[in-house]
Amino acid sequence: MKNHQTETAENLIITAKDLTKEIEDAVLYENSIHEDAGDIFFLIRKGIIKKLIVISGSEETEFTGESISADEFSAVMCDLTHRNADAIRERFSFTMPILLGNTNSYGFGDRLGNAGPAHLRSVRNSGFRPVLAQQSIRELERTKRTASEVMDAATWSVFQEGYHEGFGADGDHLKTTGDIDRMVEAGYTMFTIDPSEYVQDDVKSLNKISLESAYKNLPWDLLEDTSDSLLERFTEEPVEILDDYHLNPTPEEVMQGMVKYGRVVTHTRNLADYLSKRWPDHPAELELSVDETQDPTTLFEHYLVASELNRLGVELVSLAPRFCGHFEKGIDFKGDLDQFRSEYI
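What you see is a predicted model, and the numbers here were worked out from it, not measured in a lab.

Secondary structure summary: the protein chain contains 12 helices and 13 strands in total. The principal-axis extent of the C-alpha atoms belonging to the protein chain is close to 85 × 40 × 40 Å. By the burial criterion, 46% of the 345 residues in the protein chain qualify as buried. A separation of at least 24 residues holds for 64% of the contacts in the protein chain among residues at least 6 apart in sequence. Positive and negative charge centroids in the protein chain, built from 34 and 63 side chains respectively, lie 4 Å apart.

Now for the pairing of strand β13 (residues 316–320). Of the pairings in the sheet, the one linking strand β12 (residues 285–289) to β13 comprises four bridges and is parallel in character. Each bridged residue has a counterpart across the sheet, and for Ser289 the counterpart in β13 is Ala320. Regarding the hand of the β-α-β motif, the stretch spanning β12, helix α11 (residues 299–311) and β13 is right-handed.

Another point: the layout of surface pockets. Of the pockets and cavities examined, the second largest pocket occupies roughly 370 Å³. Around the second largest pocket sit 18 residues that line it, and Lys50, Leu80, Gly113, Ala153 and Trp156 are the ones nearest its centre. Of all the secondary structure elements, the ones that give two or more residues to the lining of the second largest pocket are β3 (49–55) and α5 (147–161). Among the elements that make up the lining of the second largest pocket, the one with the highest residue count is α5 (six residues).

Quick look at helix α9 (residues 227–235) now. Along α9, the residues classified as buried are Ser227, Leu230, Leu231 and Phe234. Looking straight down α9, one finds that the buried residues subtend no more than 100 degrees of arc, so they occupy a single side. Packing partners of the buried residues in α9 comprise α7 (208–216), α8 (220–223), β10 (239–242), α10 (251–278) and α11.

For the rest of this paragraph, the subject is empty space enclosed by the protein. As enumerated under the stated definition, the model contains three cavities of 30 Å³ or more in all. Roughly 60 Å³ of internal volume is contained in the largest cavity. Forming the boundary of the largest cavity are Asp110, Gly116, Leu132, Ala133, Gln134, Arg145, Val150, Ala153, Ala154 and Ser157. Within the residue set of the lining of the largest cavity, elements represented by two or more residues are β7 (129–136) and α5. No other element matches α5, which puts four residues into the lining of the largest cavity. Roughly 40 Å³ of internal volume is contained in the second largest cavity. Lining the second largest cavity, in full, are Gln200, Asp201, Val203, Lys204, Lys260, Asp295 and Glu301. Across the lining of the second largest cavity, the residue classes tally to one nonpolar, one polar and five charged.

A few words now on the pairing of strand β1 (residues 26–36). Sheet topology places β1 next to strand β2 (residues 39–46); seven bridges connect them, and they run antiparallel. Following the sheet pairing, Ala26 is matched in β2 by Lys46. Counted between consecutive antiparallel strands, the loop separating β1 from β2 contains two residues, among which Ala37 sits at a positive phi close to 55 degrees.

The geometry of α9 relative to α10 is characterised by a closest axis approach of 10 Å and an angle of 125 degrees between their N-to-C directions. In terms of axis orientation, α9 runs oblique to α10. Two packed elements cross with a definite hand, and for α9 against α10 that hand is right-handed. Along its contact with α9, which presents Leu230, Leu231, Phe234 and Thr235, the element α10 presents Pro251, Val254, Met255 and Met258.

Per the stated rule, a full pass over the model turns up 19 salt bridges. The closest approach of N and O atoms between Asp79 and Lys51, which form a salt bridge, is 2.3 Å. Taken as a pair, Asp79 in the loop between β5 (73–78) and α2 (82–91) and Lys51 in strand β3 lie far apart in primary sequence, 28 residues in all. Put simply, Asp225 and Arg311 hold a salt bridge, and the shortest N to O gap is 3.8 Å. Here Asp225, found in the loop between α8 and α9, pairs with Arg311, found in helix α11; they are 86 residues apart in sequence, far enough to count as distant.

Ordered in space as β6-β7-β8-β9-β12-β13, the six strands form an open sheet in which the pairing is parallel. Edge strands, defined here as strands with exactly one partner in the open sheet, are β6 (105–107) and β13. On average, each strand axis in the sheet is inclined to that of its neighbour by 25 degrees, with strand direction left out of account. Running at roughly 160 degrees to β7, α5 makes contact with β7 and β8 (168–174) of the sheet. Packing of α11 onto the sheet brings it into contact with β12 and β13, and relative to β13 it is tilted by some 155 degrees.

About the thresholds
- Residues numbered from 1 in each chain as written.
- Predicted model: local features only at pLDDT ≥ 70, side-chain atom pairs only at ≥ 80, totals over all residues.
- Heavy atoms only, no water.
- Helix = DSSP H or I, 4+ residues; strand = E, 2+ residues; numbered from the N terminus.
- Buried < 20%, exposed > 50% of the residue type's maximum accessible area, 1.4 Å probe, protein only.
- Contact = heavy atoms within 4.5 Å.
- Lys, Arg positive; Asp, Glu negative; His and termini not counted.
- Charge placed at Lys NZ, Arg CZ, Asp CG, Glu CD.
- Pairing = 2+ DSSP bridges.
- Right-handed = clockwise from strand over helix to strand, strands pointing away.
- 1 Å grid on protein atoms, 1.4 Å probe; cavity = no way out; pocket = protein on both sides within 12 Å on 5 of 7 lines; lining within 4 Å.
- Points joined across faces, edges and corners; volume = space filled by probe spheres on them.
- Arc of directions from axis to C-beta.
- Nonpolar A, V, L, I, M, F, W, Y, C, P; charged D, E, K, R; others polar.
- Axes fitted to C-alpha atoms, helices over the stretch in contact; angles between N-to-C directions.
- Parallel < 35°, antiparallel > 145°, perpendicular 65-115°, else oblique.
- Left-handed = near helix turned anticlockwise from the far one by under 90°.
- Salt bridge = Lys/Arg side-chain N within 4 Å of Asp/Glu carboxyl O.

What follows is the structure in structure tokens.
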């Protein structure tokens, strides 16, 4: 015996199919069929162009498009515009990004805006949440897309696929407060700070005197610490990572780590403070990316940056290190796989 919910879903599909048949050369995306307040919504494809169909019980609708009639149906066929994407997000909360926190996630860089549905199919039932809208400022400039266009492509993708499990939206490689504003205004919820300009990559070439001088001249007021107390904190006793795993950095390793990343910490804190104060009501989570440095990130450097930011009140959901080897387009990874496995784990 069918329940009411099943009957409703079947009726919606029948209605969408009936109307689609009346539209020349139209193909229905069945997973996109949704109902809200008595209105029916779904996507079709005509050739390579996708359209939103809205069947409304009211003559007035917030969606802009071309009125169509077919037998008993009156509806609007809409382009997938930014205005219509905004209206869909108002109607269906699952088409807006959410905070993913520390759950398993996978970032998809859909640079052209047409791969979202395939990405969603690949991640469904995998145990991973998709970070669907993920573009850096650099990528936006090169592809001539806006942050809103990337977000809209993600919205239409989850609507087409009927994906209700939640997705992330990452403003990637952000360097300035203006970059943050740009992504907040487009609705992004994850903000990846790129502090590459503040990394001192030549620390291994510094002699003892130069290293000690560079260490002493770090902005200790902004770090809210002193050079002596930090050194003592990391060298007086082993740093416990797990019950049976400890780090034992030497004074030289601590100084090298801080000279390399000390200003990264202060820059990241400045941007984190700006985000929370300028946009206090916007849902936001932070990632820090140091994956474009000259040398791979050591385990101690990773811990040092994360722990110092934590001490200063900056909460990260992710810290992207510079792994050994190279990740390249069309190659995936070039380098020592055994070393990569051991460092990743």
